[in-house]
2 protein chains.
Amino acid sequence: MASERGLGMVHVYTGNGKGKTTASLGLGMRAAGHGFRVLMIQFMKGDIKYGELEAVKGIPNFDILQFGRPDFVDKENPERIDIDLARKGLEHARGLVNSGDIDMLILDEINVAVEWKLVTAADVIDIVMSRPKGMEIVLTGRYAPAEFIDLADTVTEMKEIKHPYMNKIMARKGVEY
Amino acid sequence: MASERGLGMVHVYTGNGKGKTTASLGLGMRAAGHGFRVLMIQFMKGDIKYGELEAVKGIPNFDILQFGRPDFVDKENPERIDIDLARKGLEHARGLVNSGDIDMLILDEINVAVEWKLVTAADVIDIVMSRPKGMEIVLTGRYAPAEFIDLADTVTEMKEIKHPYMNKIMARKGVEY
């Protein structure tokens, strides 16, 4: 988006409510619709069941890459492969930031990856700070570290006011993934 | 989504933060990626500048219709055309709900259209309640009326923690629209 205004902001979507990943998908859709090049890197997710992986194929300039496994990561005792994948994802992000080949970079669930200690906040901040002037960065996930909130231009908390699990409804295809 | 589970929930995205429309776009993207038929009706918007209008063209089974004008609606004194367009949008929604031709219906900014008194909460609730069992409904916008919150299965408040207008940055292409 550099060509337009020479400014790229940092957005954080956090909180316990719905809509963090989907809001960043919608943001990516919006940006790609204007011809900007968008990449979402999904941390701690590695599963073709996510509907967005199929839908994004139809949108030029919008891609999603997953650096994770289908299994849940154990917060107290993450496996070596979980750490390796998250770090690989971050290295991929660093390469893209250095290349300047994209206009919007979405690091989906990166806040959780930091909280789970798969990667460090300092590593993420280093990448964010080294971005080309016009690159927009989006950081999503619960538990956004205070350093990300300080760094960000916009921070939105998705706050759960009412949720369906009271009614014992499980995560459903096409909505939660 | 009826075929999958015979259940369709009602979601509300509200609050003063970013991500209400984009979260519903992402939800639509996710659902369409699984082959569900999604329609977003945008109230109080009628402008090709929105990036999502272009991006959605590439996603099968996902369409966006606008029932509004490019101009802002004056809350205290909406013009006749604003009221007519909003009501037309709602009638279109009613037709779709009755036909059962879609799986997810997103009424974008409907909460604001109710607050602005372009349509009534009762009319919206009537449509929501008459939906086929499997149809998912998403209601977005600030000022969600209490009746919508009562009715909904999930309610998420997008809460602004930090915003860029402090720095006097205007709405930017590819992010805010």
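Bear in mind that the values here come from a model prediction, so they are computed numbers and not experimental data.

Here we look at the environment of Ala152 of chain B
So, point 1. Summarising the element assignment, Ala152 of chain B is placed in the loop between helix H7 (146-151) and strand S6 (154-162).
So, point 2. It is 27 Å that separates the C-alpha atoms of Ala152 of chain B and Tyr50 of chain B, two residues lying 102 residues apart in sequence.

Examining the interface of chain B and chain A
So, point 1. Chain B puts 58 residues into the contact, and the matching count from chain A is 58 residues.
So, point 2. For the chain B face of the interface with chain A, the top three residues by lost area are Met29, Arg30 and Lys162 of chain B, together amounting to 17%.
So, point 3. In this structure, the connection of chain B to chain A is made through 2 salt bridges.
So, point 4. Between chain B and chain A we count 24 residue pairs in polar contact (both at pLDDT 80 or more) in total.
So, point 5. At the level of secondary structure, the elements contributing two or more residues to the side of chain B that touches chain A comprise helix H1 (2-5), strand S1 (10-14), helix H2 (20-33), helix H3 (51-55), H7 and S6 of chain B.
So, point 6. Tallied by class, the residues present in the side of chain B that touches chain A amount to 26 nonpolar, 15 polar and 17 charged.
So, point 7. Here strand S6 (residues 154-162) of chain A runs beside S6 of chain B; their pairing, made up of 7 bridges, is antiparallel. Pairing of Val155 of chain A across the sheet is with Lys162 of chain B, part of S6 of chain B.

What counts, and where the lines are drawn
- Residues numbered from 1 in each chain as written.
- Chains lettered and ligands numbered in written order.
- Predicted model: local features only at pLDDT ≥ 70, side-chain atom pairs only at ≥ 80, totals over all residues.
- Heavy atoms only, no water.
- Helix = DSSP H or I, 4+ residues; strand = E, 2+ residues; numbered from the N terminus.
- Contact = heavy atoms within 4.5 Å.
- Buried area = accessible area lost by both parts, 1.4 Å probe.
- Salt bridge = Lys/Arg side-chain N within 4 Å of Asp/Glu carboxyl O.
- Polar contact = N/O pair within 3.5 Å; in protein donor to acceptor, adjacent residues only side chain to side chain.
- Nonpolar A, V, L, I, M, F, W, Y, C, P; charged D, E, K, R; others polar.
- Pairing = 2+ DSSP bridges.

The analysis is restricted to geometry; functional conclusions fall outside its scope.
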